Amino acid sequence: KNTKRREVFGGMATTPAAAAALRLEAESLVNKKLLVELKDGRSMTGYLTCFDDQGNLILSQAEELGLKITRLIGSVIIPKHFRTSIYAEVEVEEKEEEEGGGVNY
């Protein structure tokens, strides 16, 4: 199995049902590794420890990913207004190629 990133928390909750769906998605990501892109151009990776109703995140085992270096941070609070996007790693299964599946000339 390979891993692939998918964007999460992809929108604003405008109804109670949408808020409940976002909360369920967030709860499913607790203890999962996330990549968070920040407004100042930096990125952080770490494991989602918790979140609040305002969309603030706490990551553990966080690392700051820079252009030239990666720096271990430890635990970090990321306010909602300071992040631009969040990605989670998900497992994907590779499709096995069928034998003889090429084009015959």
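Look above for the structure.
Residues numbered from 1 in each chain as written. Predicted model: local features only at pLDDT ≥ 70, side-chain atom pairs only at ≥ 80, totals over all residues. Heavy atoms only, no water.

Among the nonpolar cores identified, the biggest contains 14 residues, and L29, L34, V36, L48, L59, I78 and I86 are the most heavily contacted of them. Mapped onto this core, the elements with two or more residues apiece are strand 2 (33–38), strand 3 (43–51), strand 4 (57–65), strand 5 (70–78) and strand 6 (83–92). Residue contacts for L48: discarding those within four places in its chain leaves A26, L29, V30, N31, K32, L34, L57, I58 and L59. (Core = buried A, V, L, I, M, F, W, Y, C linked by side-chain atoms within 4.5 Å. Buried < 20%, exposed > 50% of the residue type's maximum accessible area, 1.4 Å probe, protein only. Helix = DSSP H or I, 4+ residues; strand = E, 2+ residues; numbered from the N terminus. Contact = heavy atoms within 4.5 Å.)

This part covers the pairing of strand 4. The sheet contact formed by strand 3 and strand 4 spans seven bridges and is antiparallel. Paired with Y47 across the bridge in strand 4 is S60. Taking the residues that link successive antiparallel strands as the turn, the strand 3-strand 4 hairpin has five residues, and the phi of G55 there is positive, at about 95°. Sheet topology note: the strand 4/strand 5 ladder contains seven bridges and is antiparallel. Along strand 5, the bridge assignment pairs I58 with I77. Between strand 4 and strand 5, which pair antiparallel and follow one another directly, the connecting turn spans four residues. (Pairing = 2+ DSSP bridges.)

Moving on: the environment of T45. Looking at the secondary structure, you find T45 in strand 3. By relative accessible area, which is 8% here, T45 ends up buried.

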